[in-house]
Amino acid sequence: MRVLSIDGGGIRGIIPAMVLAEVEARTGRRIADLFDLVAGTSTGGILACALTAPSPRTAAALVDLYRAEGPRIFHRSLWQRVVSADGLAHARHDPQPLKDVLHDYLGEARLGDATTRLLATSYDLQGRAPYFFKSWRTAGEPERDLELKTVALATAAAPTYFPPVLVHPPGGGAPLTLADGGVFANNPAMCAYAEAVRLAPGTPITVLSLGTGTQTHEMPYAQAVHWGLVEWARPILDVVFDGVADTVDYQLQHVLGEGYTRLQCRLDTASDALDDADPANIEALADCAQRLITAKSATLDAVCAALAT
């Protein structure tokens, strides 16, 4: 069983989008046709939804999404900065631009319409538990068959960046208050692996896991030792997101060995902020992705050859 997993990372999602565009170019096939399960968290969840939608976008088109729509999604007016106290009192960003983009890209398609198995992560703040969107469960549980744009919005509702999403299940049922799945699975590869084991017991499993760039912003002791609640509010998210991703990478290296491929780059020349959508930074992220593709060209050739069989 072939599994694709895409990390969260906000605007940094342009990195896995470019890697996937390269995979499509080398194989001549759509991502949804190459994998049996596509999983994503946050920006990776948006990519997963768009790549498996019934009218799918190519990965190259999704690269353009980040370039064209990223500045609009992460724009902050002076009024937004003031009323949110720069993200301390309210979410840093108005979710409406993101909603508009998701509607443009996903339309009225529903989770059950996904052309291959789709898994996206979120966290139910009211139920205090992870919530997984699983396309293959919608046939027997119609209350799970949400619109893909709602799935994408919920998986990307990163605390302090966007407000949580109130979701009303189709046909009734208790509403869900959902936040970004990155709080527990910013790298959803282990979640995807667990689902693959359950879906196809005894079948060999391969996992391609795509990161959105390793964080490089240091938090020296001299600063952190004096931090309290306000100072930790934003950095703790980075620590959780990055730490979870690295932990899953460590686990799957040992569990799957050669059946596991992780493609990740260091953000040495680009900002690691989730919402730095300045055009210059977007191009710096694109450059990081291109350098990753060049450095790992042989690995990509091997992955593509395996996927094409």
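Just above sits the structure.
Residues numbered from 1 in each chain as written. Predicted model: local features only at pLDDT ≥ 70, side-chain atom pairs only at ≥ 80, totals over all residues. Heavy atoms only, no water.

The next point concerns the overall build of the protein chain. A tally of helices and strands in the protein chain yields 14 helices and 8 strands. A globule of 309 residues ought to have a C-alpha radius of gyration of about 19 Å, and the protein chain, at 18 Å, matches this closely. C-alpha extents for the protein chain along the principal axes are approximately 55 × 50 × 35 Å. A buried classification covers 54% of the 309 residues belonging to the protein chain. For the protein chain, restricting intrachain contacts to residue pairs at least 6 apart in sequence, the fraction spanning at least 24 positions comes to 75%. When the accessible surface of the protein chain is split by element, carbon and sulfur atoms take 56% of a total near 13,200 Å². Distance from the positive charge centre (25 side chains) to the negative charge centre (35 side chains) of the protein chain: 3 Å. (Helix = DSSP H or I, 4+ residues; strand = E, 2+ residues; numbered from the N terminus. Rg over C-alpha atoms; globule rule 2.2 N^0.38 Å. Buried < 20%, exposed > 50% of the residue type's maximum accessible area, 1.4 Å probe, protein only. Contact = heavy atoms within 4.5 Å. Areas by Shrake-Rupley, 256 points an atom, 1.4 Å probe, with all protein chains shown as cover. Lys, Arg positive; Asp, Glu negative; His and termini not counted. Charge placed at Lys NZ, Arg CZ, Asp CG, Glu CD.)

The phi dihedral of S42 is positive, around 55°, even though this residue is not glycine. Taking the relative accessible area as the measure of exposure, S42 reaches 7% and is therefore buried. One non-glycine residue, R128, adopts positive backbone phi at about 55°. The topology assignment puts R128 in the loop between β3 (117-124) and β4 (129-134).

A full pass over the atoms with the stated rule returns 1 disulfide. Across the disulfide from C265 sits C288; the S-S distance is 2.4 Å. Taking the sign of the S-S torsion, about 130° here, the bridge from C265 to C288 comes out right-handed. With C265 in the loop between β8 (260-263) and α13 (279-295) and C288 in helix α13, the pair connects residues that are 23 residues apart, well separated along the chain. The residues C265 and C288 share a single accessibility class, namely buried. Here C191 is not disulfide-linked; the sulfur of C49 is the nearest cysteine sulfur, at 15 Å. C304 takes part in no disulfide bond, and the closest cysteine sulfur to it belongs to C265, at a distance of 17 Å. Taking relative accessible area as the criterion, C304 reaches 6% and is therefore assigned buried. (Disulfide = S-S within 2.5 Å.)

Turning our eyes to something else, we now look at the nonpolar core. If you look at the biggest cluster of nonpolar residues, it comprises 78 residues, and the most contacted ones within it are L4, I14, I15 and F133. Setting aside chain neighbours within four positions, we find I14 in contact with V63, Y66, R67, I282, L285 and A286. The next biggest cluster of nonpolar side chains, apart from the first, holds 18 residues, and it includes A39, L119, A189 and I205. (Core = buried A, V, L, I, M, F, W, Y, C linked by side-chain atoms within 4.5 Å.)

Centre distance and the angle of the planes are the two values used to describe a pair of aromatic rings. In the structure shown here, the tally under the stated rule is 4 aromatic pairs. The interplanar angle of 45° and the centroid separation of 5.9 Å between the aromatic rings of F74 and F162 together place this pair among those described as tilted. Taken together, the residues span a long stretch of sequence, with F74 in the loop between α4 (59-73) and α5 (78-83) and F162 in the loop between α7 (148-155) and β5 (165-167) at a distance of 88 residues. On the basis of relative accessibility, which here comes to 14%, the residue F74 falls in the buried class. Note on F132 and F184: the rings are 5.7 Å apart at their centroids and 90° apart in plane angle, and the pair reads as edge-to-face. One end of the pair, F132, is in strand β4; the other, F184, is in helix α8 (residues 182-185), with 52 residues separating them in the sequence. (Phe/Tyr/Trp six-rings, centres within 6.5 Å; stacked < 30°, edge-to-face > 60°.)

For the pair helix α1 (residues 14-27) and α4, the least separation of the axes is 7 Å and the interaxial angle reads 155°. Put simply, α1 runs roughly antiparallel to α4. As for how α1 packs across α4, the hand of that crossing is left-handed. Listed contacts from α4 to I14, A17, M18, L20, A21 and E24 of α1 are A59, A60, L62, V63, Y66 and R67. Its residues assigned to classes, the contact of α1 with α4 comprises 10 nonpolar, no polar and 2 charged. (Axes fitted to C-alpha atoms, helices over the stretch in contact; angles between N-to-C directions. Parallel < 35°, antiparallel > 145°, perpendicular 65-115°, else oblique. Left-handed = near helix turned anticlockwise from the far one by under 90°. Nonpolar A, V, L, I, M, F, W, Y, C, P; charged D, E, K, R; others polar.)

Turning next to helix α12 (residues 235-256). Residue pairs spaced three or four apart in an α-helix point in one direction, given the helix's 3.6 residues per turn. In a regular helix each residue adds 1.5 Å, so 22 residues correspond to 32 Å; α12 covers 32 Å between its end C-alpha atoms and thus fits that length. Of all the residues in α12, the buried ones are P235, L237, D238, F241, D242, V244, A245, V248, D249, L252 and L256. Tucked inside the fold, the buried residues of α12 contact α8, α9 (189-199), β7 (206-210), α11 (229-232) and β8. G257 lies just past α12 and shows a positive phi near 60°. (Expected span 1.5 Å × (residues − 1).)

Scanning all chains against the criterion turns up 16 salt bridges. Note that R144 is salt-bridged to E141, the shortest N-O span being 3.3 Å. By relative accessible area, which is 16% here, R144 ends up buried. Residue E141 is classed as partly exposed on the basis of its relative accessible area of 22%. It is possible to trace a salt-bridge network through shared partners that takes in E22, R26 and D301. (Salt bridge = Lys/Arg side-chain N within 4 Å of Asp/Glu carboxyl O.)

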